[in-house]
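Letter by letter, the chains look like this.
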Amino acid sequence: MTADDNAACGRWEVVLKKMGNIRLVRALRGSQVLLRLGMLAVVVTLMAACGPSSGSATAPTATTSAGAAASAPAAPAAASVSMTDALRFEPATLTVRKGATVTWTNGTSTVHTVTDDPSKAANKADAALPSGAQSWDSGNLNPGQTFQHTFDTPGTYKYFCLPHESAGMVATITVTG
Ligand SMILES: [Cu+2]
């Protein structure tokens, strides 16, 4: 036993004697139990002394990594396209995820359509569908009207406006898996 250990033992003896438990002191004297108690007291004292500083140093910091991961770039599940007075779809190219619904709004003073049907295209290249996807045609959309289509098949869609195909009113939507 070292001097420190003896000192620790001495302190415990004093405490225990004050408690009037002399027999316990005699039973413990020379045994490892008293040494362990003394070391435990030192360790507890050190932990209490170091607690505040080490606690603040290792305090968990707030993290937003989970939120950042959840908002990682991904094709949207919904999107909007407008018809313009310049006889264009805006945006002319768009990427959405599988299952997304796109809403077209005719904000012009002219009738337009949203058509993806090769059989109705003057130029077959203006209409394209992934294999397995059904063709569609909104029919005439008067000023202020809207049309929606949901894309369940991934791939590239090229669509056009029937009255304005030759004017270049053609656009593309890419649907990601
Ligand atoms: Cu049009």
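Quick caveat, the model's predicted, so the values are computed rather than measured. Throughout this description, residue numbers start from 1 for each chain and increase along the sequence as written. Side-chain atom pairs in this predicted model are given and counted only at pLDDT of 80 or more, local residue features only at pLDDT of at least 70, and totals for whole chains, interfaces and linings cover all residues. Only hydrogens and water are set aside; all other atoms, that is, all heavy atoms of the structure, feed into the side-chain values.

Draft legend 1. Representation of the nonpolar core in the model. Judged by nonpolar contacts, the single largest core of 22 residues is most densely connected at Phe89, Val102, Trp104, Val114, Tyr159 and Ile173. By definition, any uninterrupted DSSP run of H or I lasting at least four residues is a helix, any uninterrupted run of E lasting at least two residues is a strand, and each is numbered from the N terminus. At the level of secondary structure, the elements contributing two or more residues to this core comprise strand E1 (78–83), strand E3 (93–97), strand E4 (100–106), strand E7 (146–151), strand E8 (155–160) and strand E9 (170–176). Contacts are assigned to residue pairs with any non-hydrogen atoms lying within 4.5 Å of each other. Apart from residues lying up to four places away in sequence, Ile173 is in contact with Leu94, Val96, Val102, Trp104, Phe151, Gly155, Thr156, Tyr157 and Tyr159. Joining through side-chain atoms within 4.5 Å is the link that ties buried Ala, Val, Leu, Ile, Met, Phe, Trp, Tyr and Cys residues into a set, and such a set is a nonpolar core. Relative accessible area decides the class of each residue, using a 1.4 Å probe on protein chains only: under 20% of the type maximum gives buried, over 50% gives exposed, and in between gives partly exposed.

Draft legend 2. Seen up close, the coordination of the copper ion. The copper ion binds to the protein through His112 (ND1), Cys161 (SG), His164 (ND1) and Met169 (SD), with metal-donor distances spanning 2.0 to 2.6 Å. Sites may look incomplete, because water is not among the atoms used; the donor set itself consists of N, O and S atoms within 2.8 Å of the metal (3.2 Å for Na, K and Ca). Square planar and octahedral sites, with four and six donors, are those where opposite donors lie more than 155 degrees apart and all other angles lie between 65 and 115, tetrahedral sites have four donors with every angle between 85 and 135 degrees, and the rest are irregular. Coordination geometry of the copper ion: the 4 donor atoms subtend angles of 94 to 130° at the metal centre, consistent with an arrangement described as tetrahedral. Taken in sequence order, the residues that donate to the copper ion follow the motif H-x48-C-x2-H-x4-M. The same class applies to His164 as to Met169, namely buried.

Draft legend 3. Local environment of the pairing of E1. Side chains Ala79, Val81 and Met83 of E1 all project onto a buried face; the interleaved residues Ala78, Ser80 and Ser82 project onto a face where none is buried. As paired strands, E1 and E4 are joined by 6 bridges and run parallel to one another. Across the sheet, residue Ser82 finds its bridge partner in E4, namely Thr105. In this scheme, strands are said to pair when DSSP sees at least two bridges between them. In this sheet, strand E2 (residues 89–90) lies alongside E1 in antiparallel orientation, the contact comprising 2 bridges. The residue bridging Met83 from the neighbouring strand is Phe89, located in E2.

Draft legend 4. The sheet that holds E7, seen in detail. With respect to topology, 4 strands assemble into an open sheet ordered E2-E1-E4-E7, the strand pairing being mixed. The open sheet has two edge strands, E2 and E7, and neither has a second partner.

Draft legend 5. Just the packing of aromatic side chains, in detail. To pair, rings of Phe, Tyr and Trp, with the six-membered ring standing in for Trp, must have centres within 6.5 Å; the planes then decide the type, stacked if under 30 degrees apart, edge-to-face if over 60, and tilted in the middle. For the structure shown, the criterion picks out 9 aromatic pairs. Ring geometry for Trp136 against Tyr157: centres 6.1 Å apart, planes inclined by 50°, an arrangement best described as tilted. You can see Trp136 sitting in strand E6 (residues 136–137) and its partner Tyr157 sitting in strand E8, a full 21 residues away along the chain. Each member of the pair Trp136 and Tyr157 is classed as buried. The structure contains a cluster of three or more aromatic residues connected by ring pairs, namely Phe89, Trp104, Trp136, Phe147, Phe151, Tyr157 and Tyr159.

Draft legend 6. Highlighting the environment of Arg97. Position of Arg97 among the secondary structure elements: in strand E3. The sequence separation of Arg97 and Gly177 amounts to 80 residues, and the corresponding C-alpha distance is 6.3 Å. Ignoring sequence-local partners within four residues, the contact set of Arg97 consists of Ala74, Ala75, Pro76, Ala77, Phe151, Val175 and Thr176.

Draft legend 7. Highlighting the pattern of salt bridges. Any carboxyl oxygen of Asp or Glu within 4 Å of a side-chain nitrogen of Lys or Arg constitutes a salt bridge here. One pass over the full model with this rule turns up 1 salt bridge. Between Lys120 and Asp137 there is a salt bridge, with its nearest N and O atoms 2.8 Å apart. Of the two residues, Lys120 is situated in the loop between strand E5 (115–116) and E6 and Asp137 in strand E6; the sequence distance between them amounts to 17 residues.

Draft legend 8. Structural context of the environment of Thr95. Looking at the element boundaries, Thr95 is found in strand E3. Since its relative accessible area comes to 38%, Thr95 is described here as partly exposed. It is 6.1 Å that separates the C-alpha atoms of Thr95 and Ala75, two residues lying 20 residues apart in sequence. Residues in contact with Thr95, not counting those within four places in the same chain, are Ala75, Pro76, Thr174 and Thr176.

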